Amino acid sequence: MEIISRIIIMALLIGVGIVCRKTGIISNETNKGISDIALKVATPALLVASFQQELNMERLQRLGYAALLAVMAIVFAVILGYICLPKGKKQAGDDNGKLAIERFSAIYSNCAFMGIPLINGLYGEEGVFFLTAFYALFNVAVWTHGLVMIKGEAGLKQTLKALTSPALIGIAVGAALFFLQITLPDVIKQTLDYAGSMTTPLGMLVAGVTIAQTNLLSALKKFKVYYISALRLIFIPVLTILLFLPFPFDETVMGVTVAAAACPVATICTMFAISFNKDSLYAGEIFAVSTVLSVGTLPLVMWIFDFLNVLVR
């Protein structure tokens with residue numbers, strides 16, 4: 001199956017990142033630079049390029065359908081996160097934000113850093129186009145509900161700052177060109193395509209370097225880390241597929257949403273934990289383990305989706 005081969009390629013690229021960090025080829029500072037290029041250059045370029053499509057009613061309807069599925073997937077994940085990770089007696093006091101980190105990790109996927117290159121590899125620019133609906137709504141949820149959950153209070157300044165992130169600016173620019181039906185010159189479009197093509201290798205490389213900096217052996221000994229990873233990688237995505245079954249079946253739109261929902265833990269959880277003096281080491285461990293395990297779970301979830309696709313057809 002093509003999706004398996006593509007995910008194996010991404011896993012090998014993650015392996016390259018791990019080797020580069022372990023051998024000293026990529027330092028922490030270099031990794032930050034690579035991450036900035038991926039997030040601030042390659043990803044916005046890919047997003048703008050994905051909107052260079054003909055405006056028609058069918059495409060608008062499918063984009064609206066993608067937004068509806070995204071809302072359903074995110075709200076469903078929030079509900080399941082609270083049900084599967086209830087507040088126990090141990091969390092009655094200060095647990096250094098561990099419960100909030102666990103819930104955040106279970107609820108929010110790495111739909112940008114892992115999702116965009118993954119979906120670009122699986123569905124091409126058309127898939128990235130539909131992913132923009134999920135990503136925009138994801139950002140709203142993360143910088144409101146997610147931020148409050150980790151920090152314990154609302155943060156208007158951080159939320160407004162998130163709205164000016166390079167990726168969301170890329171979505172805004174691309175959407176404006178799409179709705180105004182402004183076609184970019186071929187030389188600009190090809191430049192964006194070349195820049196956007198860096199998203200997958202750079203994203204996987206950074207993920208590998210990040211994993212290499214974590215004490216993975218220690219994290220692999222913690223049962224709770226496996227439990228949260230199972231929620232994020234299998235339980236929530238599979239239930240999301242079942243949730244979608246009664247709705248009209250659009251293979252690409254639904255596949256993009258499922259792939260985004262099946263990605264490992266969002267990197268922003270670790271960033272929030274660092275910013276607000278929570279247990280960032282624990283957040284990093286969950287991120288690392290879920291990213292490693294996703295190499296096996298992503299093909300499984302997408303196989304389940306394809307199997308149900310055949311049944312629905």
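Definitions and limits used
- Here the residue numbers are simple positions, counted from 1 along each chain's written sequence.
- Owing to the predicted nature of the model, reporting of local features is limited to residues with pLDDT of at least 70; listing and counting of side-chain atom pairs is limited to 80 or more, with chain, interface and lining totals taken over all residues.
- Excluded from the side-chain calculations are hydrogens and water; all other atoms, namely the structure's heavy atoms, are used.
- What counts as a helix is a DSSP run of H or I of at least four residues, what counts as a strand is a run of E of at least two, and both are numbered from the N terminus.
- Each radius of gyration reported is based on C-alpha atoms, and the globular scaling rule is 2.2 Å times the count of residues to the power 0.38.
- Accessibility here uses a 1.4 Å probe with only protein chains present; expressed as a share of the type maximum, an area under 20% marks a residue as buried, one over 50% as exposed, and anything in between as partly exposed.
- Here, Shrake-Rupley sampling with a 1.4 Å probe gives the accessible areas, and only protein chains in the shown set may cover a residue.
- Positive charges come from Lys and Arg, negative ones from Asp and Glu, while His and the chain ends are left out of the count.
- Working definition for charges: the position is that of NZ of Lys, CZ of Arg, CG of Asp or CD of Glu.
- Every residue pair with non-hydrogen atoms within 4.5 Å of one another is taken to be in contact.
- To get an axis, a line is fitted to the C-alpha atoms, and for a helix only the part in contact is used. The angle between two axes follows their N-to-C directions and goes from 0 to 180 degrees.
- Orientation categories follow fixed angle ranges, with anything under 35 degrees roughly parallel, anything over 145 roughly antiparallel, 65 to 115 roughly perpendicular, and all other angles oblique.
- The sense of a crossing depends on the near helix, which, turned anticlockwise from the far helix by less than a right angle, makes the crossing left-handed and, turned clockwise, makes it right-handed.
- When residues are grouped by polarity, Ala, Val, Leu, Ile, Met, Phe, Trp, Tyr, Cys and Pro land in nonpolar, Asp, Glu, Lys and Arg in charged, and all others, Gly among them, in polar.
- As used here, the term nonpolar core means buried Ala, Val, Leu, Ile, Met, Phe, Trp, Tyr and Cys residues forming a set that is joined through side-chain atoms within 4.5 Å.
- One side-chain nitrogen of Lys or Arg within 4 Å of one carboxyl oxygen of Asp or Glu is enough to make a salt bridge.
- Side-chain rings of Phe, Tyr and Trp (the six-membered ring for Trp) are treated as a pair once their centres are within 6.5 Å; stacked means planes under 30 degrees apart, edge-to-face means over 60, and tilted covers the remaining angles.
- Whether a charge lies above a ring is judged from NZ of Lys or CZ of Arg, which has to be within 6 Å of the ring centre and within 35 degrees of the ring normal.

Participant: How should the overall build of the protein be read in this particular structure?
Facilitator: The number of helices and strands found in the protein is 14 helices and zero strands. Helices and strands in the protein line up, N terminus first, as α-α-α-α-α-α-α-α-α-α-α-α-α-α. In summary, the protein has a C-alpha radius of gyration of 19 Å against a globular reference of 20 Å for 313 residues, a match within 12%. Among the 313 residues that make up the protein, the fraction classed as buried is 54%. Summed over all atoms, the accessible surface of the protein reaches about 14100 Å², with 67% contributed by carbon and sulfur. Computed over 22 positive and 18 negative side-chain charges, the inter-centroid distance for the protein is 12 Å.

Participant: What should I look at first to understand the environment of Arg62 in this one?
Facilitator: Looking at the secondary structure, you find Arg62 in helix 3 (residues 57–84). The class of Arg62 is buried, set by a relative accessible area of 18%. With near-sequence residues (within four places) excluded, Arg62 lies in contact with Glu126, Phe130, Asp250, Thr252 and Val253.

Participant: Is there a simple way to explain the packing of helix 4 (residues 98–107) against helix 11 (residues 223–244) in this structure?
Facilitator: Helix packing geometry: the angle between the two helix axes and the distance between the axes. Closest axis-to-axis distance for the helix 4/helix 11 pair is 8 Å, and the angle between their directions is 25°. With respect to helix 11, the element helix 4 is oriented roughly parallel. Note that helix 4 runs across helix 11; the crossing there is right-handed. In this structure, helix 4 contributes Glu102, Ser105, Ala106 and Ile107 to the contact, and helix 11 contributes Lys224, Ile228, Leu231, Arg232 and Ile236. Tallied by class, the residues present in the contact of helix 4 with helix 11 amount to five nonpolar, one polar and three charged.

Participant: Quick question: what am I supposed to make of the environment of Asn215 here?
Facilitator: Structurally, the position occupied by Asn215 is in the loop between helix 9 (199–212) and helix 10 (216–219). As for Asn215 and Gly284, which are separated by 69 residues in sequence, their C-alpha atoms are 9.2 Å apart.

Participant: Could you clarify how one ought to interpret unusual backbone geometry in this entry?
Facilitator: Most peptide bonds are trans, and most residues other than glycine sit at a negative phi. Look at Gln181: it is not a glycine, yet its phi comes out positive at around 55°. Position of Gln181 relative to the elements: it lies in the loop between helix 7 (166–180) and helix 8 (186–196).

Participant: Which parts of the structure should I look at to understand the side chain of Thr297?
Facilitator: Its place among the elements puts Thr297 in helix 14 (residues 280–312). Apart from the residues within four sequence positions on either side, Thr297 is in contact with Leu233 and Ile234.

Participant: Would you take a moment to explain the nonpolar core for this structure?
Facilitator: A general feature of soluble globular proteins is that nonpolar side chains tend to end up buried together. Judged by nonpolar contacts, the single largest core of 86 residues is most densely connected at Phe104, Tyr108, Phe134, Phe138 and Phe272. Take this core: its biggest share by element is 18 residues, from helix 5 (residues 115–151). Contact partners of Phe138, with chain neighbours within four places excluded, come to Ile74, Tyr108, Ser109, Cys111 and Ala266. Counting residues in hydrophobic clusters, the runner-up holds nine residues, among them Ala38, Phe113, Leu202 and Val209.

Participant: How should the pattern of salt bridges be read in this particular structure?
Facilitator: Throughout the structure, instances matching the rule amount to nine salt bridges. One salt bridge connects Asp279 with Lys98, and the closest N-O pair in it is separated by 3.9 Å. In this pair, Asp279 is assigned in the loop between helix 13 (268–275) and helix 14 and Lys98 in helix 4, connecting sequence segments 181 residues apart. Residue Lys98 is classed as partly exposed on the basis of its relative accessible area of 35%. A salt bridge links Lys189 to Asp193, with the shortest nitrogen-to-oxygen separation between them at 3.0 Å. With Lys189 and Asp193 both in helix 8 and four residues apart, the pair spans about one turn of that helix.

Participant: Could you clarify how one ought to interpret the packing of aromatic side chains in this entry?
Facilitator: Aromatic rings considered in pairs are described by the distance between their centres and by the relative angle of their planes. Evaluated as defined, the whole model comprises 10 aromatic pairs. Ring centres of Phe51 and Phe129 lie 5.1 Å apart, and the angle between their planes is 80°; this geometry places the pair in the edge-to-face category. Taken as a pair, Phe51 in the loop between helix 2 (28–50) and helix 3 and Phe129 in helix 5 lie far apart in primary sequence, 78 residues in all. Owing to a relative accessible area of 0%, Phe129 belongs among the buried residues under this scheme. Each ring, one from Phe178 and one from Phe179, has its centre 5.1 Å from the other, and the planes form 70°; the classification is edge-to-face. Directly above the aromatic system of Tyr282 lies the positively charged group of Lys98, at a separation of 5.4 Å from the ring centroid.

Participant: Just to check I follow, could you spell out the environment of Ser229 for this structure?
Facilitator: Secondary-structure assignment places Ser229 in helix 11. Not counting chain neighbours up to four residues away, the residues in contact with Ser229 comprise Ile234, Ile286, Val289, Ser290 and Leu293.

Participant: So what exactly am I meant to see when it comes to the packing of helix 3 against helix 12 (residues 251–261) here?
Facilitator: Where helix 3 meets helix 12, the closest approach of the two axes is 10 Å, and the angle between their N-to-C directions is 30°. Relative to helix 12, the element helix 3 is oriented roughly parallel. Considering how the two elements wind past one another, helix 3 and helix 12 form a crossing that is right-handed. From helix 3, Arg62, Tyr65, Ala66, Leu69, Ala70 and Ala73 reach across to helix 12, where they touch Thr252, Val253, Met254 and Thr257.

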